[in-house]
Amino acid sequence: MKAGLETRYRVLGLLPLVFFAVQTIHYWRFGGMGHLLWMCNLGNVLLGIGLLVGHRELIRAAAIWTIPGLVVWIIYVLLPSGFYFSTTLAHVGGFTVGVIALRRVGMDGRAWIYAFAWYLFTQLAARLLAPPELNVNVAHRVQDGWDKTFTSYWKFWLVVTIAVCVVIWIIGKLLSLIWPAKSVSEPGAVATGSEIQA
């Protein structure tokens, strides 16, 4: 197996970008453009770019996040609010593309570090760019329902961040058992044109 990604896998990267575009249209029409900064939405951008440029660590980091993203979406959006085409496409579609991509690139032991760095980046982006009332990525205040447990946002943030670190490490470990990275691949390598199989 060559280190590069075949063209068909790279082209697959267009799908998550389409999912993000559909979400963008939805939030543009109905308001709340700050919602585009949720990890799930930005994760589609990361996955799409990772696939298009053949960057394995970006693909792996994004794929890890599709799992908790799907679970959180089911609990906090689908069950209480019902079906919405754009958000279903973003979460179910992103998860599906992530699984397909992982079957090809595999999961290595350090992908969770990249996934954790992505978490910190999206938290900072949401804190700086999203309206505080949206509380995107819980970057501004304690999540509703937890305000009696945590009187300080920063204590809440620290506990959540530690929990996130543990959860994504576990997810990365489990995925590496299901789809281990091949030893002949260079983790994190960006494929060149000569490595791509048509």
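So, a few notes on the structure that sits alongside this text. (Residues numbered from 1 in each chain as written. Predicted model: local features only at pLDDT ≥ 70, side-chain atom pairs only at ≥ 80, totals over all residues. Heavy atoms only, no water.)

Helix and strand counts for the chain come out as 7 helices and 0 strands. Mapped in sequence order, the helices and strands of the chain form the string α-α-α-α-α-α-α. Expressed as a percentage of the 198 residues in the chain, the buried residues total 45%. Within the chain, residue pairs in contact and separated by at least 24 positions form 75% of the contacts whose partners lie at least 6 positions apart. Accessible surface for the chain amounts to roughly 10,400 Å². Of this, 71% is attributable to carbon and sulfur atoms. (Helix = DSSP H or I, 4+ residues; strand = E, 2+ residues; numbered from the N terminus. Buried < 20%, exposed > 50% of the residue type's maximum accessible area, 1.4 Å probe, protein only. Contact = heavy atoms within 4.5 Å. Areas by Shrake-Rupley, 256 points an atom, 1.4 Å probe, with all protein chains shown as cover.)

As a further point, take helix H7 (residues 153-178). Its 26 residues give H7 an end-to-end C-alpha distance of 37 Å, which sits within 8% of 38 Å, the value for a rise of 1.5 Å per residue. Within the span of H7, buried status applies to Tyr153, Phe156, Thr161, Val164, Ile168, Ile171, Gly172, Leu175 and Ser176. Among the structural elements, helix H4 (56-81), helix H5 (85-105) and helix H6 (111-129) are those in contact with the buried residues of H7. For H7, the capping residue at the N-terminal end is Ser152, with a side-chain oxygen 3.3 Å from the backbone nitrogen of Trp154. (Expected span 1.5 Å × (residues − 1). Polar contact = N/O pair within 3.5 Å; in protein donor to acceptor, adjacent residues only side chain to side chain.)

This brings us to the environment of Gly93. Relative to the helices and strands, Gly93 resides in helix H5. Look at Gly93 and you get buried, because its relative accessible area is 12%. Setting aside its immediate chain neighbours within four residues, Gly93 contacts Phe19 and Thr88.

Leu51, Ile59, Ile64, Trp65 and Ile168 are the most contacted members of the largest nonpolar core, which has 42 residues in total. Listed by contribution, the elements that provide at least two residues to this core are helix H2 (14-30), helix H3 (39-53), H4, H5, H6 and H7. Non-local contacts of Ile168, meaning those with residues more than four positions away in its chain, are made with Ile64, Trp65, Trp112, Ala115 and Phe116. (Core = buried A, V, L, I, M, F, W, Y, C linked by side-chain atoms within 4.5 Å.)

This brings us to H5. With 21 residues, H5 ought to run about 30 Å at 1.5 Å a step, and its terminal C-alpha atoms sit 29 Å apart, in line with that. Gly106, located one to two residues past H5, shows a positive phi value of around 75°.

Looking now at a nonpolar patch on the surface. A cluster of nonpolar residues, Leu158, Ile162, Val166, Trp169, Ile170, Leu174, Leu177 and Ile178, forms a patch on the protein surface that exposes about 800 Å² of accessible area. Following the sequence through the fold, Val166 ends up in helix H7. On the accessibility criterion, Val166 (43% relative accessible area) is partly exposed. (Patch = residues over 30% accessible without salt bridge, like charges linked within 9 Å, V, L, I, M, F, W, Y side chains within 5 Å. Salt bridge = Lys/Arg side-chain N within 4 Å of Asp/Glu carboxyl O.)

The next point concerns the environment of Ala21. Along the chain, Ala21 turns up in helix H2. For the pair Ala21 and Asn41, spaced 20 residues apart in the sequence, the C-alpha separation amounts to 9.5 Å.

Our focus in this paragraph is unusual backbone geometry. A positive phi angle, near 55°, is found at Asn137, a position not held by glycine. Among the secondary structure elements, Asn137 is positioned in the loop between H6 and H7. Under the relative-accessibility criterion, Asn137 is labelled buried at 6%.

For the structure on display, the rule yields 8 aromatic pairs. Where Trp146 meets Phe150, the ring centres are 6.2 Å apart and the plane angle is 45°; that geometry is what we call tilted. Taking relative accessible area as the criterion, Trp146 reaches 44% and is therefore assigned partly exposed. Ring geometry for Trp154 versus Trp157: centroids 6.1 Å apart, planes at 65°, classification edge-to-face. Placement of the pair is Trp154 and Trp157 together in helix H7, with a separation of 3 residues, close to one helical turn. (Phe/Tyr/Trp six-rings, centres within 6.5 Å; stacked < 30°, edge-to-face > 60°.)

All right, on to the pattern of salt bridges then. As enumerated under the stated definition, the model contains 5 salt bridges in all. Between Arg60 and Glu57 there is a salt bridge, with the nearest N and O atoms lying 3.1 Å from each other. Of this pair, Arg60 and Glu57 both sit in helix H4, 3 residues apart, which is roughly one turn of that helix. Both residues of the pair, Arg60 and Glu57, count as buried. Accessibility expressed as a relative area gives 0% for Glu57, which makes it buried. One continuous salt-bridge network, built from bridges that share partners, spans Glu57, Arg60, Asp108 and Arg110.

Any functional reading would require information that these geometric values do not contain.
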